[in-house]
Amino acid sequence: RVLPGVGPRSALRMATQLLVHDRVGAEYLSQSLQRALSALDQCRECQTLCEEEVCGICQSQKRDARLLCVVETPSDLLRVEQAGAFTGKYYVLMGRLSPLDGVGTQELKFAELMKRACDGVVQEVVVATNFTAEGEATAHVLDSLLTPRGLKVTRLARGVPVGGEIEFVDGLTLAQAFRERRDL
């Protein structure tokens, strides 16, 4: 039940499946989690999960240190990397602002982010938080903190997905796509 989106009934079904029908799988899962807990920590520079003190992306001299992409989670970082469209460095918030859940700027280590973004090398911060109420609030606060310090702050564009059909796109996404349209 500690996993997001897993309720009591689903948790019971999963546990029963592993304990009754797949004890080998349960043992493998247990060992994998134990190895991950002992081997992984957070990168000293970007906060993502890695086995070293500083992750490979932060160590890379091939990355453009003038660009800093702020994402919510390590899985968001991996997805951006898989897209192959970003060549800068990252900062992982490990969440998003959510006052109702007790998640504020201190929990997300905004002070460390500010130190990193204002190091004199970073020129642009790309805010790649999710397009949820919490992600939008996080983006707004980041913009209000970083712009006055002379940094260019940009946000990922929103719109109709590649391969998407307009008929099936929700109204808010379609409206945003019209606002962010560009020349061909």
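As shown above, the structure is provided for reference.
Residues numbered from 1 in each chain as written. Predicted model: local features only at pLDDT ≥ 70, side-chain atom pairs only at ≥ 80, totals over all residues. Heavy atoms only, no water.

1. Digging into the nonpolar core
To keep things clear, this is the line we draw: Only buried Ala, Val, Leu, Ile, Met, Phe, Trp, Tyr and Cys residues count toward a nonpolar core, and they belong to the same one when joined by side-chain atoms within 4.5 Å. In this scheme, a residue with accessible area under 20% of its type's maximum is buried, one over 50% is exposed, and one in between is partly exposed, where area comes from a 1.4 Å probe on protein chains only. Secondary structure follows DSSP: runs of H or I at least 4 residues long count as helices, runs of E at least 2 residues long count as strands, and numbering of each begins at the N terminus. Note on contacts: a residue pair qualifies if any of its non-hydrogen atoms lie within 4.5 Å across the two residues.
Of all hydrophobic cores here, the largest spans 17 residues; its most connected members are Val70, Leu93, Leu113, Val125, Leu142 and Leu146. If you list the elements that add at least two residues to this core, you get strand 3 (64-71), helix 5 (110-117), strand 5 (124-127) and helix 6 (133-146). Discounting chain neighbours no more than four positions away, the residues touching Leu142 are Val70, Phe110, Leu113 and Val127. Within the second largest apolar cluster, 15 residues are counted, among which are Leu77, Phe86, Tyr90 and Ala128.

2. Examining the side chain of Lys89
Put simply, the rule is: Only four residue types enter the charge count: Lys and Arg as positive, Asp and Glu as negative, with His and the chain ends excluded. Whenever a carboxyl oxygen of Asp or Glu lies within 4 Å of a side-chain nitrogen of Lys or Arg, that contact is scored as a salt bridge.
Within the element layout of this structure, Lys89 appears in strand 4 (residues 88-92). One buried charge, Lys89, has no salt-bridge partner; the nearest side chain with opposite charge is Glu45, at 5.0 Å. Here Lys89 is in contact with Ile57, Cys58, Ser60, Arg63, Asp64, Ala65, Leu67, Leu68, Cys69 and Arg116, once residues within four sequence places are set aside.

3. Focus on helix 6
In plain terms, the rule: Expected span, for any helix, means 1.5 Å times one less than how many residues it has. This arc describes the spread of directions from the helix axis toward the C-beta atoms.
The end-to-end C-alpha distance of helix 6 is 20 Å, a good match for the 20 Å that 14 residues give at a rise of 1.5 Å each. Among the residues of helix 6, those classed as buried are Gly135, Thr138, Ala139, Leu142 and Leu146. The buried residues of helix 6 occupy an angular sector of 100 degrees when the element is viewed end-on, so they sit on one face. Residues of helix 6 that are exposed and point over 90 degrees away from its buried face: Ala133 and His140. Tucked into the core, helix 6 has its buried residues touching strand 3, helix 5, strand 5 and strand 6 (152-155).

4. What to know about the sheet that holds strand 4
Strand-to-strand pairing in sheets goes through backbone hydrogen bonds, with the strands running parallel or antiparallel. Rules: For two strands to be treated as a pair, DSSP must find at least two bridges joining them. Angles run from 0 to 180 degrees between N-to-C directions of axes, and those axes are lines fitted to C-alpha atoms, restricted for helices to the stretch in contact.
Strand order in the open sheet formed by 4 strands is 4-3-5-6, and the pairing between neighbours is parallel. Two strands lie at the open edges of the sheet, namely strand 4 and strand 6, each paired on one side alone. Within this sheet the neighbouring strands show an average axis-to-axis angle of 25 degrees, counted without direction. In this sheet, strand 6 lies alongside strand 5 in parallel orientation, the contact comprising 4 bridges. Each residue of the ladder has a partner; that of Val127, found in strand 6, is Arg155. The strands touched by helix 5 are strand 3, strand 4 and strand 5; relative to strand 4, the strand with the most contacts, the crossing angle is about 165 degrees. Relative to the sheet, helix 6 contacts strand 3, strand 5 and strand 6, its axis offset from that of strand 6 by approximately 165 degrees.

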